[in-house]
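Report on the structure
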Amino acid sequence: MTNIASENKEQISVIGAGTMGSGIAQLAIIHGHPTVLVDANEASLARGTDAIRKNLDRDVEKGRKTAQQVASALSLLTASSDIAKCKGSEIVIEAIVESLPVKEELFSKLESLLAPGAILASNTSSLSIAALAGSRKSPERVVGVHFFNPAPLMKLVEIVPGLLTNPSVTARCSALVTSWGKTSVCAKDTPGFIVNRVARPFYGEALRIAEEGLPYASIDASMKDLGFKMGPFELMDLIGNDINYAVTCSVFESFYYDSRYRPSILQRRMVENNLLGRKTKHGYYDYRSGDAAVLSASRPSVEISDRILAMLINEAAEAARLQIASPKEIDLAMTLGVNYPKGLLGWCDELGAAKIVTQLDALKARYGEERYRASPYLRDLAANNGKFFK
Ligand code: NAI
């Protein structure tokens, strides 16, 4: 069945048919792009295409799409283990394993295969776009296009140009994901981009508090009382401690061991003990007999939530000061990418920067650690009674 809407739409290739790649390919076909989904592993390719079919069938069952729309979308999908099928694609989005040499090898193959104007986009969460572009003949066409999991549902996409990315490449990617119903924010090529950087204290500060003996359930209850859908420990159990710990280590290393991003020994021990969270049925909480243990009532503590929130606001302020993105985009990214109840900088405006600086100074005085240094941006606002948003 042909899809008239697809006639003018550029061909997309998605490399890697895992969690992210299959979701991205699903978005592409649903929006009328002829799409090539490539995976080096036949079994993963079959799993990925199966996942797309199941998701779309569910959409038909729930009345979100018609059978005709889904059939038409699926007719646009070509699944293959042969990279040569990407030839003719105008935009290639890679979502393969998070390894620089493997991604470099892939980009090198694609470079010789694709037309000169074709875009090489990476869904990487932790590698720099500069590192991916550095050994390319045409680094100006390399760009980060960072989706969130699950890609078909999450509204945010971070678009990350490298130092040499052509602005027209950034603009084309932003227009593409916008046409797929996403909100795109442009982030500077720095560790963790926006979301994976600004969210670090949600986990890191919670782990520090737990190391001092406070129960996980109290910390979770405190953050949920502030409006967060999940507490840090519930969320780490969902993400997987191995994944969360690896992201933390990567960000810490990339920031030249700034103590603000220091990983936690407690989390390391959890990983070493295979207490990875829901996927091993045991993490900070025990899921072996259902979810009841997680939901055990615990009283929120303002002291805990104030401390974690102050660290989150400080990180968002630093991201704004260093122009990783505008304050508006930072707030959008945290509400759409990780469902925060409010944008952190708007939240700071409500509470007053002076209050946050006082909290951070008190933490720094108590612990004597650099990690609690207040952002100069916050200090300036506090001194002038200023706000991020006028
Ligand atoms: P995954 O492990 O589910 O899928 C990766 C797929 O790539 C596998 O099917 C594998 O067979 C295939 N593959 C590996 N090397 C290949 C190659 N050289 N050529 C073709 N196919 C190859 O991984 P996932 O979680 O989908 O992550 C993919 C990328 O997306 C990574 O860069 C990751 O950092 C990033 N990412 C992951 C998110 C997540 O929540 N899982 C969120 C945002 C970004």
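This text follows the structure it describes.
These notes cover the structure that comes with them. These numbers were taken from a predicted model, which means no experiment stands behind them. (Residues numbered from 1 in each chain as written. Predicted model: local features only at pLDDT ≥ 70, side-chain atom pairs only at ≥ 80, totals over all residues. Heavy atoms only, no water.)

What follows concerns empty space enclosed by the protein. Where empty space is left can be seen by rolling a probe of water-molecule size over the atoms. Taken as a whole and judged by the stated rule, the model has one cavity of 30 Å³ or more. Put simply, the largest cavity is a space of about 100 Å³. Counting only elements with at least two residues in the lining of the largest cavity, the list comes to helix H8 (200–211) and helix H11 (241–254). A total of six residues in the lining of the largest cavity trace back to one element, the largest contributor, which is H8. For the lining of the largest cavity, the class distribution of residues is six nonpolar, five polar and five charged. (1 Å grid on protein atoms, 1.4 Å probe; cavity = no way out; pocket = protein on both sides within 12 Å on 5 of 7 lines; lining within 4 Å. Points joined across faces, edges and corners; volume = space filled by probe spheres on them. Helix = DSSP H or I, 4+ residues; strand = E, 2+ residues; numbered from the N terminus. Nonpolar A, V, L, I, M, F, W, Y, C, P; charged D, E, K, R; others polar.)

The next subject is the pattern of salt bridges. With the rule as written, the count across this model stands at 23 salt bridges. Taking the shortest distance from any N to any O, the salt bridge between glutamate 105 and lysine 109 comes out at 3.8 Å. Linking glutamate 105 with lysine 109, this pair stays in helix H4 (residues 100–113), spanning four residues, or about one helical turn. Looking at lysine 109, the relative accessible area reads 45%, which means it is partly exposed. Note that arginine 260 is salt-bridged to glutamate 315, the shortest N-O span being 2.8 Å. One end of the pair, arginine 260, is in the loop between H11 and helix H12 (265–272); the other, glutamate 315, is in helix H13 (residues 302–321), with 55 residues separating them in the sequence. (Salt bridge = Lys/Arg side-chain N within 4 Å of Asp/Glu carboxyl O. Buried < 20%, exposed > 50% of the residue type's maximum accessible area, 1.4 Å probe, protein only.)

What follows is about the site of the ligand. In the neighbourhood of the ligand, 21 residues make up the surrounding shell, with Met20, Asp39, Glu98, Lys103 and Ser125 lying closest. Note that an oxygen atom of the ligand is positioned 2.8 Å from one of the backbone N or O atoms of methionine 20. In the environment of the ligand, an oxygen atom lies 2.8 Å from a nitrogen or oxygen atom belonging to the side chain of lysine 103. Contact with the protein chains covers 72% of the free accessible surface of the ligand, which is 830 Å². Of all the secondary structure elements, the ones that give two or more residues to the shell around the ligand are helix H1 (19–30), H4 and strand S6 (142–147). Taken together, the residues of the shell around the ligand break down into eight nonpolar, 10 polar and three charged. (Near = heavy atom within 4 Å. Polar contact = N/O pair within 3.5 Å; in protein donor to acceptor, adjacent residues only side chain to side chain. Areas by Shrake-Rupley, 256 points an atom, 1.4 Å probe, with all protein chains shown as cover.)

The subject of this paragraph is H11. Here H11 contains 14 residues, and its C-alpha end-to-end distance of 20 Å stays within 8% of the 20 Å for a straight helix at 1.5 Å per residue. Turning to H11, its buried residues number three or more, namely Asn241, Asn244, Tyr245, Thr248, Val251 and Phe252. Each buried residue of H11 sits inside an arc of 130° when the element is viewed along its axis, so together they form one side. In this structure, the buried residues of H11 make contact with helix H7 (195–198), H8, helix H10 (232–239) and H12. Just beyond H11, the residue with positive phi is tyrosine 256, at close to 55°. (Expected span 1.5 Å × (residues − 1). Arc of directions from axis to C-beta. Contact = heavy atoms within 4.5 Å.)

Ranked by size, the top nonpolar core spans 76 residues in total, and within it Ile194, Phe202, Phe233, Ile308, Ile330, Leu344 and Leu378 carry the most contacts. It is H13 that contributes the most residues to this core, 11 residues altogether. In contact with isoleucine 330, not counting residues within four places along its chain, are Ile194, Val198, Ala316, Ala319, Ala320, Ala325 and Leu345. Ranked by size, the runner-up nonpolar core spans 33 residues in total, among them Ile12, Ile119, Val143 and Ala151. (Core = buried A, V, L, I, M, F, W, Y, C linked by side-chain atoms within 4.5 Å.)

Attention now goes to the environment of valine 198. Note on placement: valine 198 falls in helix H7. You can call valine 198 buried: its relative accessible area is 0%. Placed 116 residues apart in sequence, valine 198 and asparagine 314 show a C-alpha to C-alpha distance of 8.7 Å.

This brings us to the sheet that holds strand S5 (residues 119–122). In space, the eight strands of this open sheet follow the order S3-S2-S1-S4-S5-S6-S7-S8, with mixed pairing throughout. Every other strand in the sheet has two partners, leaving strand S3 (77–80) and strand S8 (183–186) as the edge strands with one partner each. Sheet twist, expressed as the average angle between the axes of neighbouring strands with direction ignored, equals 25°. Here three bridges tie S5 to S6, and the two strands are oriented parallel to one another. Residue pairing in the sheet places alanine 121 in a bridge with valine 143 of S6. Where helix H2 (residues 42–61) meets the sheet, it contacts strand S2 (35–38) and S3, and its direction lies at approximately 160° from that of S3. Of the strands in this sheet, strand S1 (12–15), strand S4 (91–94), S5 and S6 are in contact with H4, which crosses S5 at around 165°. (Pairing = 2+ DSSP bridges. Axes fitted to C-alpha atoms, helices over the stretch in contact; angles between N-to-C directions.)

What follows covers the packing of aromatic side chains. Under the definition given, this model contains 14 aromatic pairs. Among the aromatic residues, ring-to-ring pairing joins Phe202, Tyr203, Phe228, Tyr340 and Trp347 into one connected group. Between the NZ or CZ atom of arginine 371 and the centre of the ring of tyrosine 372, over which it lies, the distance is 5.6 Å. (Phe/Tyr/Trp six-rings, centres within 6.5 Å; stacked < 30°, edge-to-face > 60°. Lys NZ or Arg CZ within 6 Å of the ring centre and 35° of its normal.)

On to the environment of isoleucine 313, then. With respect to the helices and strands, the residue isoleucine 313 is situated in helix H13. The class for isoleucine 313 is buried, based on a relative accessible area of 0%. Ignoring sequence-local partners within four residues, the contact set of isoleucine 313 consists of Leu344, Leu345, Cys348, Leu351, Ile356 and Leu378.

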